[in-house]
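# Residue-level structure breakdown
Take a look at the letters that make up each chain.
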Amino acid sequence: MTWWGTAPAVGTALLALLLPGLLVGRVVGVRGVLGVGLAPVLSVGTLAVTAVAASVLGVPWGPVVAGVGALVVVAAAAGARQLVRTVRPDGVVGAAEPASVRVAAVVGVVAGGAALAAGYVRGVGEPSRWPQTFDAVFHLSASWRVLTTGDGSSLDLGTLNAPGLTHAFYPAAWHDLVALVAGVAGSTVVVSSTAVALVVVAVVHPLGCVALARVALGPRPVAVAAAGALAAGVTASPVVLSSYGTLWPNALGTALLPAALALLVVVLGAGREVAVGAPTSVVLLPVAAAGLVLAHPNTAVTWLVLGVVVALVTRWPAGGRGRVLALLAAAATVWLVAWSPLFAATRRTSWPARETVPQALGEWALLSPQRLPVPLLLAGLTLVGCVVAWRRAHLRWLLAVHVVGGGLFALVAGSDSVVARLASGPWYDDAFRLAALAAVGAVPLAALAVEAVAARLAALRRGVSPAVVGGALLAAVAVATSGLSWADTASVVARWYRSEPMLDPAAAALLGRLPREVGPDAVVAGNPFDGAALTGPLGDRRALFPHLTGAWDPDRVLVGSSLDEAARRPEVCAAVRRLGVTHVLTGGSRFWTDDRRRQGYAGLEVEGSPGFERVDAGGAMVLWRVTACGAGADG
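Reading the values: the criteria
All residue numbers here refer to positions counted from 1 along the written sequence of the relevant chain. Note on the predicted model: pLDDT of at least 70 is required for a residue's local features to be given, and 80 or more for side-chain atom pairs to be given and counted; whole-chain, interface and lining totals, by contrast, use all residues. Remark: hydrogens and water are excluded; side-chain values derive from all non-hydrogen atoms of the structure. Strands are runs of DSSP state E lasting at least two residues, helices are runs of H or I lasting at least four, and both sets are numbered from the N terminus onward. As a reference, a globule follows 2.2 Å times the number of residues to the power 0.38, and the radius of gyration itself is taken over C-alpha atoms. Throughout, exposure labels follow a simple rule: accessible area from a 1.4 Å probe, protein chains only, divided by the maximum for the residue type, with under 20% read as buried, over 50% as exposed, and the rest as partly exposed. Residues are treated as being in contact if the distance between any of their heavy atoms lies within 4.5 Å. In this description, accessible areas are obtained by the Shrake-Rupley approach with a 1.4 Å probe, and a residue is regarded as covered only by the protein chains that are shown. Positive charges come from Lys and Arg alone, negative charges from Asp and Glu alone, with His and the N- and C-terminal ends not counted. Every charge is mapped to an atom, namely NZ of Lys, CZ of Arg, CG of Asp or CD of Glu. For the purposes of this analysis, a disulfide is any pair of cysteine sulfur atoms at a distance within 2.5 Å. Ring pairs shown here join Phe, Tyr and Trp side chains whose ring centres sit within 6.5 Å, with only the six-membered ring taken for Trp; geometry is labelled stacked below 30 degrees between planes, edge-to-face above 60, and tilted in between. Both a distance and an angle decide whether a charge sits over a ring: NZ of Lys or CZ of Arg must be within 6 Å of the ring centre and within 35 degrees of the ring normal. In this description, strands pair whenever DSSP reports at least two bridges between them. Any Lys or Arg side-chain nitrogen located within 4 Å of an Asp or Glu carboxyl oxygen qualifies as a salt bridge. Polar contact is defined as a pair of N or O atoms within 3.5 Å, subject to the rule that within protein one atom must be able to donate a hydrogen and the other to accept it, and that residues adjacent in sequence are counted only when both atoms are side-chain atoms. Only the contacting stretch of a helix is used when fitting its axis, a line to C-alpha atoms as for every element, and angles between N-to-C directions run 0 to 180 degrees. Angle categories: roughly parallel below 35 degrees, roughly antiparallel above 145, roughly perpendicular from 65 to 115, and oblique for all the rest. Throughout this entry, Asp, Glu, Lys and Arg are counted as charged residues, while Ala, Val, Leu, Ile, Met, Phe, Trp, Tyr, Cys and Pro are counted as nonpolar. The remaining residues, Gly among them, count as polar. Confidence per residue, as judged by the predictor, is encoded in pLDDT with a range of 0 to 100. Crossing handedness follows the turn of the near helix against the far one: under a right angle anticlockwise gives a left-handed crossing, and clockwise gives a right-handed one. Surface patches are drawn from residues lacking salt bridges whose relative accessible area is over 30%; two like charges belong together within 9 Å, two nonpolar side chains (Val, Leu, Ile, Met, Phe, Trp, Tyr) within 5 Å.

Another point: the overall build of the protein chain. When helices and strands are tallied, the protein chain shows 28 helices and five strands. Relative to its length of 635 residues, the protein chain is compact, with a C-alpha radius of gyration of 25 Å against a globular reference of 26 Å. The burial tally for the protein chain puts 60% of its 635 residues in the buried class. Counting contacts in the protein chain only where the partners sit at least 6 residues apart, residues at least 24 apart contribute 74% of the total. Carbon and sulfur atoms provide 64% of the accessible area of the protein chain, an area that totals close to 23900 Å². Treating the 44 positive side-chain charges of the protein chain as one cloud and the 33 negative ones as another, the clouds have centres 15 Å apart.

See the structure below:
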């Protein structure tokens, strides 16, 4: 498939990520640049909550349900706005947004989005290519499950690799979006995932940066345009998470974070000349919070941490009582991150530090954490923006956001201390997840620098508009960064997309032939480390092990360890029948060959064992029919 062929999937992803949120924001009275910037986080919250409600009601997830759910949320938001205005009339802060600001936002988002899209497309290579990484297996299998079962609830998705449980939480917003795109556009799960990731990186991310710059810096065309364009220059952003891992849900949440922070800044009264007051904007907080939690909970924690930083720096609410409330919120946030049972499991995850804290701080200052490409010009602009923000008391919260993010990253990346482990729980002690937050503060700070320099240069020469000087500066930055660093985006994306450690093309083609060789109700066993876990998204058939690891039930444990002995062990055949296993895949490219967890699947290498009939092969992978257990196993 060509990239032009993905147009229906990309268009569907754009509609899903923008339309519901635009409607919700509009009925609450949020318009202009902030309204468009908030649309994705409000859309994700609306759709993900609708998917949970649909599951509870027994209604399959799909476009009709998504549309009805959006209308319900729109009506609820309109009612909540009327209630809030009755209890506390909402004054409008500032004048109507000038048309020049909206035009500047469009120019910035188009420029930055085009560079991001070009880099992402170049990095992926082909839209049917998928990153053969540990996490990508889960996300592809989970999206296929949502698509084929109609259950998109975040309360149930965790049962994918814990089939013995009735309910298990896993944030499903990403998978709901992919399934929705696949169902509407008729594209495969892989192509749909690629399309959603492209929109998240090239549209949602720059829109969020523009929204935060608009709220922080005011209706300044140069700053707003700069934020959209410069969003493309920092790969320490959703760009890296869309490839590394591959952490698609975390990339989605990180892309939503700047706009969600902008909303919180408005609620806290720190926004600059936004045409919506704090009481009204409070109505949107639950929808935005749901969007972050159901995209990825750690982005919701980041939102809370940064919100507390803003509250403390701006001394919200005013007065001694307000400071006490802010300090109590800070203490509650520290408890949530370091000691709450919500993140007890992830606190046990450990990634050893590979550098020192000073080295990590240096990387953050250069906007190149975890050895990502160094955007020297943007790093310089960010440092200038830090100085300007410090000199303007009303912007010191923006500087604090960037500094706190850097401190948290440096602590996790450069230390294995007890404090670092306590602080890293929501982020799995994974420095990459924190590295991706660099753009949140850096982009608006760099935009502030461009605006400040343009104003200073224009003042030196009368009759020259700051907008003209700012446009010239942005053009110079685009040239100096070789097209807003699109090649850096391409190299970062390609790093985890271009290898084939799990499935070579021949093995992938074998999975693609499964619908012709395996019945629709069949279950296919196979070592998930060797590619069999992708039976669902690539072969449209159920995999016995849809992820590389899991809390497998006793029947799966028995089949995984002893299927090769089915001809002489009746208890194995009994498990085979209960699970509905009809075929087994052997061989493959052998992903992570030194991982000890592979031993649990040793019984799936059935070649040479009695009771298995060879059906097809592709490269090193072979498909076998299970005959050892009689007709009951042969579906």
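So, on to the state of the cysteines. Taken as a whole and assessed by the stated rule, the structure comprises one disulfide. Linked covalently through their sulfurs, cysteine 573 and cysteine 629 form a disulfide whose S-S length is 2.0 Å. Note on the cysteine 573 and cysteine 629 pair: the S-S dihedral is about -85°, so by sign convention the disulfide is left-handed. Here cysteine 573 is found in helix α28 (residues 570-579), whereas its partner cysteine 629 is found in the segment after β5 (621-626), with 56 residues between them in sequence. Both residues of the pair, cysteine 573 and cysteine 629, count as buried. Not part of a disulfide, cysteine 209 finds its nearest cysteine sulfur in cysteine 386, a span of 15 Å. Relative accessible area serves as the criterion here: at 1%, cysteine 209 is assigned to the buried category. The class for cysteine 386 is buried, based on a relative accessible area of 15%.

With that out of the way, let us pick up the packing of aromatic side chains. Within the structure shown, the criterion is met by 12 aromatic pairs. Taking 5.3 Å as the distance between ring centres and 75° as the angle between the ring planes, the aromatic pair formed by tyrosine 244 and tryptophan 496 counts as edge-to-face. On the criterion of sequence distance, the pair formed by tyrosine 244 in the loop between α9 (238-241) and α10 (248-267) and tryptophan 496 in helix α23 (residues 486-497) is long-range, its members being 252 residues apart. An aromatic cluster of three or more residues is present, and its members are Phe529, Phe545, Trp552 and Tyr601. One Lys or Arg, arginine 396, reaches over the ring of tryptophan 390 and ends 4.3 Å from the middle of that ring.

Ordered in space as β2-β1-β3-β5-β4, the five strands form an open sheet in which the pairing is mixed. Strands with a single pairing partner mark the edges of an open sheet, and in this sheet they are β2 (542-543) and β4 (612-618). Of the strand pairs in this sheet, β4 and β5 are connected by six bridges, and their pairing is antiparallel. Note on β5: the bridge partner recorded for phenylalanine 612 is valine 626.

Our focus in this paragraph is the environment of alanine 338. Positionally, alanine 338 belongs in helix α14 (residues 320-338). Look at alanine 338 and you get buried, because its relative accessible area is 9%. Between the C-alpha atoms of alanine 338 and glycine 119, which are 219 residues apart in sequence, the distance is 37 Å. When near neighbours in sequence (up to four residues on either side) are disregarded, alanine 338 contacts Arg347 and Leu422.

Positionally, alanine 99 belongs in helix α4 (residues 99-124). Once the C-alpha coordinates of alanine 99 and glycine 32 are considered, the two residues, 67 residues apart in sequence, prove to be 9.1 Å apart.

Now for unusual backbone geometry. A cis amide bond links glycine 245 to the next residue, threonine 246, at an omega of 5°. On the secondary structure map, threonine 246 appears in the loop between α9 and α10. Phi is positive for aspartate 429, which is not a glycine, with a value near 55°. Take aspartate 429: it is sitting in the loop between α19 (418-423) and α20 (431-435). When its relative accessible area of 2% is taken as the criterion, aspartate 429 is described as buried.

Inspection of the secondary structure puts glutamate 355 in the loop between α15 (344-347) and α16 (357-365). Of the side chains with opposite charge, arginine 371 comes closest to the buried, unpaired glutamate 355, at an N-O distance of 4.7 Å. Apart from the residues within four sequence positions on either side, glutamate 355 is in contact with Ala360, Glu363, Gln370, Phe409, Ala413 and Gly414.

Within the secondary structure, serine 153 sits in the loop between α5 (134-149) and α6 (173-185). Among the polar contacts made by the side chain of serine 153, one reaches the main-chain amide nitrogen of leucine 155 at a distance of 3.0 Å.

Contact geometry for helix α2 (residues 32-57) and helix α12 (residues 285-295): axes closest at 7 Å, N-to-C directions at 70°. Taken together, the axis directions place α2 and α12 in an arrangement best described as roughly perpendicular. On α12, the residues touching Val41, Leu42, Val44, Gly45, Thr46, Ala48 and Val49 of α2 are Val287, Ala288, Ala290, Gly291, Leu292, Leu294 and Ala295. Looking at the contact of α2 with α12 residue by residue, the class counts come to 11 nonpolar, three polar and no charged.

Per-residue confidence for the protein chain averages 93 on the pLDDT scale, and 96% of its residues sit at or above 70. The low-confidence segment residues 91-95 (pLDDT under 50) makes 10 contacts with residues lying over four places distant or belonging to another chain.

Within the secondary structure, alanine 413 sits in helix α18 (residues 396-414). When the C-alpha atoms of alanine 413 and leucine 474 are compared, they prove to be 33 Å apart, with 61 residues separating the residues in sequence. Once residues lying within four places of it in the same chain are set aside, the contact partners of alanine 413 are Ala353, Arg354, Glu355, Ala360, Gln370 and Ala431.

To continue, consider the packing of α10 against helix α13 (residues 297-314). Axis separation between α10 and α13 bottoms out at 9 Å; the angle between their running directions is 25°. In this view, α10 runs roughly parallel relative to α13, as classed from their interaxial angle. Regarding α10 and α13, the two cross each other, and that crossing is right-handed. Contacts between α10 and α13 pair Asn250, Gly253, Thr254, Leu257, Ala260, Leu261, Leu264 and Val265 from the former with Asn298, Thr299, Thr302, Trp303, Leu306, Gly307 and Val310 from the latter.

Moving on, we come to a nonpolar patch on the surface. On the surface, a cluster of nonpolar side chains totalling about 330 Å² of accessible area is made up of Val384, Val453, Leu457 and Leu460. If you tally residues by element for the nonpolar patch, the top one is helix α21 (residues 438-460), at three residues. For leucine 460, the position within the fold is in helix α21.

Looking along a regular strand, one sees the side chains alternate between the two faces of the sheet. Within β5, six of the six residues are buried, leaving the element largely enclosed by the surrounding structure. Residues of β5 alternate between two faces, with Met621, Leu623 and Arg625 on one and Val622, Trp624 and Val626 on the opposite face, all of them buried. Two elements, strand β3 (residues 581-586) and β5, share four bridges in a ladder whose sense is antiparallel. Within the sheet, the bridge partner assigned to histidine 583 lies in β5 and is arginine 625. The hairpin turn running from β4 into β5, its antiparallel successor, is two residues long, and glycine 619 in that turn takes a positive phi close to 60°.

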